[in-house]
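# Summary of the model geometry
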Amino acid sequence: MIDGQATPPTGLSHIQAIATGDFHTCALANDGQVICWGDNSFDQATPPIGLNSVQAISTGSSYTCALTNDGQVACWGYNEYGQATPPTGLNHVQTISAGHTHACALKNDGQVVCWGNNDYDQITLPTRLLPVQAIAAGGFRTCVLTNDGQVICRGDNYYNQATPPTELSTVQTISVGGAHTCVLTNDDQVVCWGNNEDGQATPPTGLSHVQAITAGYIHNCALTNNSQVVCWGNNRYGQATPPTGLSHVQMISAGGDHTCALTDDGQVVCWGNNEDGQATPSTGLNYVQAIAVGGTHTCALTNDGQVACWGDNFSGQATPPTGLSHVQAISTGFYHTCALTNDNQVVCWGDNLYGQATPPTGLSHVQAISAGLYHTCALKNNGQVVCWGNNDYSQITFPSISLPVELSNLTVSRFRDNVLVKWETGVELKNVGFRLRRAIENQQGSYDAIILGESDTKPIDLDSHESCSNKIQGQLKMVDSNQDNNIISAIGNSRESTCYSFVDTSHLNDGTYYYLLEDVDDDGKGTFHCNQIEAVTIAQGLAIDLKSAINYCKKVTSSNN
């Protein structure tokens, strides 16, 4: 190579990591030193004097960045866009990544900081992507609904379809069409934006009292509180004209050029384009609990967890895999289909040109799925979004959720006449708090839950029971920072792992008690994830039902705050 970037220095050894730029290469040695070679036109291969104790390196086009053991970032080399100049005061960094002419750092508090070239808004991230309660994929973009009712979209924005209106109020539901987006607000109003060439972004005047919405490729439908269907937008094939007399509708779904409705008695009614039979439900189909309309095919989920599809099957999108069963939800893309099983796994089939029908290895704990044109997204139980498939418009690239602290090793056990709850955390930060919930199954098979408060909980004397081995022991106090939420504030070492113990003195009856630990921000308004559940049986209580406990975890995560 003309710049020698492919010729390591003689004697190079004891290397733990390497990073390659356009025409230079750097290596990180076990002793924390950085060695670079190759093109050095901008000093990108010359680490600063005195740089040591490095834990990670990343190389951009003609510059290099290093992360030191004390969480500081140092960069050198080409700096036309400021990519080699980290922001003043940047610290507590755990990960760095250098792009072509911009760089980003992930801090210990879960915040992302970027600098350098911003021609394509590549360094402009949401200030904080809170845990997500709903996702919607469509066209070449993805939108998420956060727990505080805000909408954030990523991807193609040619018609501003990825830019929610600034005056948008709190949202309860989102639906993504071909090049437009619609939401249902908390006051049951429909708001749409994006491409409006066929009127698809202009809901009918007077539309109100809406309970559900669905965005098709260039048309939309709304389901009102009296179970009536109202549609608007492109109507070339009659897809925006519901059949006369249609009533008692419980669910609607709009696709490419056709629409389907599910009635209260489990029947499916479709209208619009039927060139491939997509608007003609399968013979004998009944007992349907959910429907999903794709580009030119339709799928239904029956009450026994089976999936039936009809319409265009050119890519196999209408042929569910053999043996697929125990399905709880389905979603159709334009030419592919995905199902969520009862064990929270995702199964997809159909067109896979961009990998949209191949969920990532190890994907689990999924609570919702949404299939777009050529990509798919999943919402996990902890509020994180995972996407795969086509990424031409960054529609599958979402920032990771900012978690205040990593929780681990939650254990619950009998302690004298009370219940002992113990857990460990990683590095503590100023905005870290915990919320501890206790639930018990009632006679109806659901859970009655409370947030433990100061009146019925207290810190334990750490000297009175087994210590937390090899951990710094901390104390807890209850902080009622807003009157509706009791927050357990962590008091411990600011840099080390910490073990906490807490005693619940208020269990009332024999039975199995479930304890749920959540991490929250300092004002108690944002719950970041449902981390772990443990159970303890008091006296001769019920057998521990971990699956039910997980369902409880999903329920409170989606409903709190």
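Residues numbered from 1 in each chain as written. Predicted model: local features only at pLDDT ≥ 70, side-chain atom pairs only at ≥ 80, totals over all residues. Heavy atoms only, no water.

## Focus on the pairing of strand β28 (residues 366-371)
Judged from the five bridges that link them, β28 and strand β29 (residues 375-380) form a sheet pairing that is antiparallel. Within β29, the residue paired with S370 across the bridge is C377. Following β28, the chain reverses through three residues before pairing antiparallel with β29. (Pairing = 2+ DSSP bridges. Helix = DSSP H or I, 4+ residues; strand = E, 2+ residues; numbered from the N terminus.)

## Looking at the state of the cysteines
Linking two cysteines covalently via their sulfur atoms produces the bond known as a disulfide. Summed over the entire model, instances satisfying the criterion amount to 10 disulfides. Note on cysteine connectivity: C182 is disulfide-linked to C192, with sulfurs 2.1 Å apart. On the S-S bond that ties C182 to C192, the torsion sits near 105°, and the link is right-handed. You can see C182 sitting in strand β14 (residues 180-185) and its partner C192 sitting in strand β15 (residues 190-194), a full 10 residues away along the chain. The exposure class assigned to C182 is buried, which follows from its relative accessible area of 2%. (Disulfide = S-S within 2.5 Å. Buried < 20%, exposed > 50% of the residue type's maximum accessible area, 1.4 Å probe, protein only.)

## Things to note about the sheet that holds strand β16 (residues 210-215)
Strand order in the open sheet formed by three strands is β16-β17-β18, and the pairing between neighbours is antiparallel. Looking at which strands have only one partner, the edges of the open sheet turn out to be β16 and β18 (229-233). On average, adjacent strands in this sheet sit at an angle of 20° to one another, irrespective of strand direction. One ladder, built from five bridges, connects strand β17 (residues 219-224) with β18; its direction is antiparallel. Bridged to N220 within β18 is W232. (Axes fitted to C-alpha atoms, helices over the stretch in contact; angles between N-to-C directions.)

## Comments concerning the side chain of H180
Of note, H180 is situated in strand β14. Engagement of the side chain of H180 in a polar contact is seen with the side chain of N220, the distance being 2.5 Å. Setting aside anything within four residues of it in sequence, one finds H180 in contact with R141, Q161, W193, G194, N195, Q200, A215, G216, Y217, I218, H219 and N220. (Polar contact = N/O pair within 3.5 Å; in protein donor to acceptor, adjacent residues only side chain to side chain. Contact = heavy atoms within 4.5 Å.)

## Details of the packing of aromatic side chains
Applying the stated criterion across every chain, the model contains seven aromatic pairs. Taking 5.2 Å as the distance between ring centres and 55° as the angle between the ring planes, the aromatic pair formed by F140 and Y393 counts as tilted. Of this pair, F140 sits in the loop between β10 (132-138) and β11 (141-146) while Y393 sits in the loop between β30 (385-389) and β31 (407-415), and the two are 253 residues apart along the sequence. Overall, F140 belongs to the partly exposed group, its relative accessible area being 24%. Judged by centre distance (4.9 Å) and plane angle (80°), the ring pair of Y158 and Y159 falls under edge-to-face. According to the relative accessible area criterion, Y159 is partly exposed, its value standing at 32%. Site record: aromatic cluster; members linked through ring pairs are F140, Y354, Y374 and Y393. (Phe/Tyr/Trp six-rings, centres within 6.5 Å; stacked < 30°, edge-to-face > 60°.)

## Remarks on unusual backbone geometry
Unlike most non-glycine residues, N160 shows phi in positive territory, near 65°. Here N160 lies in the loop between β12 (151-155) and β13 (171-176). The backbone phi angle of H209 is positive, close to 55°, even though this residue is not glycine. Topologically, H209 is positioned in the loop between β15 and β16. H209 gets classed as exposed once you look at its relative accessible area, which sits at 53%.

## Focus: the pairing of strand β19 (residues 249-254)
Taken together, the five bridges between β19 and strand β20 (residues 258-263) define a ladder with antiparallel strand orientation. Bridging from a neighbouring strand, S253 pairs with C260 of β20. Counting the residues that bridge the hairpin from β19 to β20 gives three residues.

## Concerning the nonpolar core
Counting 13 residues, the largest nonpolar core has V73, V93, I96 and W115 as the members making the most contacts within it. Mapped onto this core, the elements with two or more residues apiece are β5 (63-68), β6 (73-77), β7 (93-98) and β8 (102-107). (Core = buried A, V, L, I, M, F, W, Y, C linked by side-chain atoms within 4.5 Å.)

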